[in-house]
Amino acid sequence: MTIHAADAATAADAPKAAAGTIASPPPARRRRRHRTQGQWWIPWAFLMPALLLFLVFRYIPMVQAIQMSVENVRPYLGNEFVGAQNYQVILSDPAFRDATINTVILAVGQTVGCLLLGFLLALLLEGQTRKLSFIRSAAFLPVVVPMAVVAELWRIMYYPSADGFLNNIIGVVGLGPSEYINSPDSAMWSVMLMGIWRGGPYDMMIILAGLAGIDRGLYEAATVDGANRWQRIVHVTLPGLRPVFTILFILAAIRGFRVFTEVFLMTNGGPNGATEVVMTLLYKLGLEQGKLGVGSAGAVLLFLATLVLTLVVQLITRRKKDA
Amino acid sequence: MHTKMKAAAVLGVVTLALAGCTSAAPATGGGSGVKQDEEAVLEVWTRTTPGSASEAATIRQVEAFTEATGYKAEVTAIFDDFETKLAQRAGQKDLPDIVLNDVSQLGTMQTQGILREIDLKDVENSKDLSPQALEAGQAVDGKTYGIPYSAQANALYIRSDWLQKLGLKAPTNWDEMLEVATAFTQNDPDGNGQADTYGLAVPGSTKRGYASWYFSNFLWSAGGDFISGSGDEWLPSMSSDEAVEATTWFRDLQCKAGVIQPGAVSMDTPPTNETFESGVTGMYVTGPYMMPRFDKVLGADKYEVVPMPEGPKDDSVLAEGGTVYLMAGSENEKGQTAFADWYISPEAQKFGMEGTEAFAIQLPVNEKVDIAEVRDDARWQTFATAYKESGHYAPTIPSWTPVRQMSADTINALLADCSLDVEEELTKLDGKLTAELLTQGILKQ
């Protein structure tokens, strides 16, 4: 509203000014335009603090990691160049292979689970009423609780004897008691379940935003054409949410690849390596066993994998858009 | 307006650039060619939680050092990622002067070249050091790189009220231990009518190699070992008969008798301590540092401390402790040496054992110090005897952590999955240990 008023005012003033100085535009204005256009470095100067921080805390360490990945790292004696040896070590390590498989399983499971849960929650909680916004906030709570707290809570809930919290619940319907994170058979899905519980509401929020952007008229038209609720979801809602799903998929995949905190806190990769993911393995190699070179090589591989995945998703979605 | 903004932007750039420069400025020196200054304040790093009682104990101890010798020193307590932070300082070639850390870190630190070799002639009190402690300060090359200042050994904590209720006695060998553990699990020792108690508390997580650390008590007393050898010639020995026997017995506690607390395989020490404190478990093998806490939470009248039950071979227990490390590149080497010398002197050892909350010194390493003189608590005598007669340090090799980590992975796997074959897993472990010893250049050819 105010913007329109301002525009109108300048528009009203403009003819007067123009009438007075047709031959030469006001010198002040020309100088200003010249300055903002000409001094190319001003935007860079404003960006510089952030860029410097990125440089010091992100890019330099990244380059160092790449450098360390081809070295035998000995902090005080000086590093030795060893070529591709670190890559050889980590790629031939069966533990790295197992960790990669586990990471992919966990990433896929959590991504799909979070999307499904998020979509379901979003459909249930879409709307304008005040009560819904309260429920939405309540559903969003797991996302804002720190991971360390979540992991500790779930560890208590997963207590593996019959009087454990979750075992009590599944005991009502005659199941269990399950060992959850304490058995190699169930540890992976237990960690996954916690991840979905925590990540689902985050996806819900973004899907809700996407839902708000879908034209209501499409639903009405579909209803008039005789589509039932399920058909409306499949043919109107899902296509309308495609860009949202793309973003969520990329975010979730990256998050899935570098999963660390929950695994580290709940199982530390155990039992029997059942939940060992790439990041916990790298932590053990690099920081606990002091093999920083080998750890860096693994980190570089992880980075490349994430990069490739992101590019592939981008390519696929771009092709779809073009088609 | 514009000039102002531009100025602000430029100022921002310059400030950050300067900040970047200062932090990136190379520190001087490294090696022994550093200019010496006896007035320089000694920077002392200790691996303990900042703000904890044990930090206070260390500060008290270091203040006493300053008072006694005149050298100034300042304590920094770091717990999380201690080794990583030390490596960062090493990268900057600006190490603290003194590091107080676990005995088992000696190999790692020595191979990184961040330790200064110690001439025992300069450390007068070292002649009174116990032979075990003296040996624990030596690296594979036989030279001394650390002065152990405090020792500890494990013993068995056991609920005396539970024993009394069930009419049992504290176990003295493995068979009795299994009996007591089974009774604690099945006979409702706390009398609440529910089957919610267990025999033995075990931190079986792989974190920091806890599973292996705990199991070493059983392995050594069965006559087994992780690796065997000496100097720079070692062979893996986890598939030896003794090791297989010990491992089978230990994992049967979980898989056959079911006397270990639920969830043990994902527990490190804090939740395991809680199971003992809260009456879920009735026995726990650990060091003397847990006594102040258990006295406070559980009550000193509820439990007793007895020597570790004897295994098939002997009653070896895990011995550990703190070591004074003199770091390379210090500008006050005289102060460093004085610090190490004072820390193991009889006065300092006695002073460090006083108090009730936490102690700078757990058990003395100086043979002239009699623990009974300082502490009238008989339980300390149990630990002192265990250390003296049965204490077993982890071997000093260039890097002990990978060995501990790998064996912890295997022990954890065996506890978690009862379908695994013990011998097969231990043979696999030996394969991994062989590769590790080869990497460290100490595999016996």
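Keep in mind that this is a model prediction, so the values were computed, not measured.

Caption draft 1: Quick peek at the overall build of chain B. When helices and strands are counted, chain B shows 17 helices and twelve strands. Radius of gyration (C-alpha) of chain B: 24 Å, near the 22 Å computed for a compact globule of 445 residues. The principal-axis extents of the C-alpha atoms in chain B amount to approximately 80 × 60 × 50 Å. Relative to its full complement of 445 residues, chain B shows a buried share of 57%. Here the contacts in chain B between residues at least 6 apart in sequence split such that 74% fall between residues at least 24 apart. Summing over all exposed atoms, chain B offers an accessible surface of approximately 18,400 Å²; the carbon and sulfur share of this is 50%. Here chain B contributes 34 positively and 65 negatively charged side chains, and the mean placements of these two sets differ by 6 Å.

Caption draft 2: Structural view of the pairing of strand S8 (residues 233-236) of chain B. Alternating positions in S8(B) separate cleanly, B:Trp234 and B:Pro236 being buried on one face and B:Glu233 and B:Leu235 remaining unburied on the opposite face. What sits between the antiparallel neighbours strand S7 (residues 227-230) of chain B and S8(B) is a turn of two residues, in which B:Gly231 has the positive phi angle 55 degrees.

Caption draft 3: A look at the UniProt feature "domain: ABC transmembrane type-1" (unreviewed entry) in chain A. When the UniProt feature table is mapped onto this chain, "domain: ABC transmembrane type-1" (unreviewed entry) is found at residues 100-313 of chain A. Span residues 100-313 of chain A is 76% helix and 0% strand, its end C-alpha atoms 20 Å apart.

Caption draft 4: Representation of the UniProt feature "transmembrane region" (unreviewed entry) in chain A. Residues and elements named next belong to chain A. Per the UniProt record, "transmembrane region" (unreviewed entry) is found at residues 40-60, 104-125, 137-157, 187-212, 233-254 and 292-316. Helix makes up 100% of residues 104-125 and strand 0%, and the two end C-alpha atoms of the span are 31 Å apart. Within residues 233-254, the helical portion is 95% and the strand portion 0%, while the C-alpha atoms at the span's ends are 28 Å from each other.

Caption draft 5: Layout of the nonpolar core. Ranked by internal contacts, the top residues of the largest apolar core, which has 114 residues, are B:Tyr157, B:Phe218 and B:Val324. When residues no more than four places from it in sequence are discounted, the contact partners of B:Phe218 are B:Trp174, B:Met177, B:Leu200, B:Ala246, B:Trp249, B:Phe250, B:Val285 and B:Met308.

Caption draft 6: The arrangement of the packing of helix H16 (residues 400-416) of chain B against helix H17 (residues 422-439) of chain B in detail. Residue and element names in this part refer to chain B. Two elements in contact, H16 and H17, have axes whose closest approach is 10 Å; the angle formed by their N-to-C orientations is 165 degrees. By the angle class used here, H16 and H17 are roughly antiparallel. You can see that H16 and H17 cross each other, and the crossing is right-handed. Across the interface between the two elements, Pro402, Val403, Met406, Ser407, Thr410 and Leu414 from H16 touch Val422, Glu425, Leu426, Leu429, Lys432, Leu433 and Glu436 from H17.

Caption draft 7: The packing of helix H7 (residues 174-186) of chain B against helix H9 (residues 241-255) of chain B, seen in detail. Residue and element names in this part refer to chain B. It is the contact of H7 with H9, at a shortest axis distance of 11 Å, that shows an interaxial angle of 10 degrees. When the axis of H7 is compared with that of H9, the two are roughly parallel. Contacts between H7 and H9 involve Trp174, Met177 and Leu178 on the former and, on the latter, Ala246, Trp249 and Leu253. Residues belonging to the contact of H7 with H9 are distributed by class as follows: six nonpolar, no polar and no charged.

Caption draft 8: Representation of unusual backbone geometry within the structure. Residue and element names in this part refer to chain B. Even without glycine at this site, aspartate 188 takes up a positive phi of about 50 degrees. Tracing the backbone shows aspartate 188 in the loop between H7 and strand S6 (198-201). Owing to a relative accessible area of 19%, aspartate 188 belongs among the buried residues under this scheme. In this model, arginine 208 sits at a positive phi of 50 degrees, which is unusual for a non-glycine residue. Structurally, the position occupied by arginine 208 is in the loop between S6 and helix H8 (210-221).

Caption draft 9: Quick look at the environment of B:Gln186. Relative to the assigned elements, B:Gln186 resides in helix H7. On a C-alpha basis, the gap between B:Gln186 and B:Ala394 in space is 35 Å, while along the polypeptide they are 208 residues apart.

Caption draft 10: Up close: the sheet that holds S6(B). Residues and elements named next belong to chain B. Within the open sheet, the four strands sit side by side as S6-S9-S5-S10. Their pairing is mixed. Across the chains shown, the open sheet's two edge strands, defined by having one partner strand only, are S6 and strand S10 (303-306). Mean inter-strand twist for the sheet, computed between neighbouring axes without regard to direction, equals 20 degrees. Pairing analysis gives four bridges linking strand S5 (residues 155-159) to S10, with the strands arranged antiparallel. Within S10, the residue paired with isoleucine 158 across the bridge is glutamate 304. Where helix H10 (residues 269-277) meets the sheet, it contacts S5, S6, strand S9 (281-286) and S10, and its direction lies at approximately 135 degrees from that of S9.

Caption draft 11: Inspection of the packing of aromatic side chains at higher detail. Residue and element names in this part refer to chain B. Here the structure, examined in full by the defined rule, presents 39 aromatic pairs over all chains. Centroid distance phenylalanine 215 to phenylalanine 250: 5.2 Å. Interplanar angle 45 degrees. Geometry classified as tilted. Of the two residues, phenylalanine 215 sits in helix H8 while phenylalanine 250 sits in helix H9, which places them 35 residues apart along the sequence. The same class applies to phenylalanine 215 and to phenylalanine 250, which are both buried. Above the plane of the ring of tryptophan 380 lies arginine 375, whose end atom (NZ or CZ) is 3.6 Å from the centre.

Cut-offs used in this document
Residues numbered from 1 in each chain as written. Chains lettered and ligands numbered in written order. Predicted model: local features only at pLDDT ≥ 70, side-chain atom pairs only at ≥ 80, totals over all residues. Heavy atoms only, no water. Helix = DSSP H or I, 4+ residues; strand = E, 2+ residues; numbered from the N terminus. Rg over C-alpha atoms; globule rule 2.2 N^0.38 Å. Buried < 20%, exposed > 50% of the residue type's maximum accessible area, 1.4 Å probe, protein only. Contact = heavy atoms within 4.5 Å. Areas by Shrake-Rupley, 256 points an atom, 1.4 Å probe, with all protein chains shown as cover. Lys, Arg positive; Asp, Glu negative; His and termini not counted. Charge placed at Lys NZ, Arg CZ, Asp CG, Glu CD. Pairing = 2+ DSSP bridges. UniProt positions renumbered as here; feature names shortened; annotations may be inferred. Core = buried A, V, L, I, M, F, W, Y, C linked by side-chain atoms within 4.5 Å. Axes fitted to C-alpha atoms, helices over the stretch in contact; angles between N-to-C directions. Parallel < 35°, antiparallel > 145°, perpendicular 65-115°, else oblique. Left-handed = near helix turned anticlockwise from the far one by under 90°. Nonpolar A, V, L, I, M, F, W, Y, C, P; charged D, E, K, R; others polar. Phe/Tyr/Trp six-rings, centres within 6.5 Å; stacked < 30°, edge-to-face > 60°. Lys NZ or Arg CZ within 6 Å of the ring centre and 35° of its normal.

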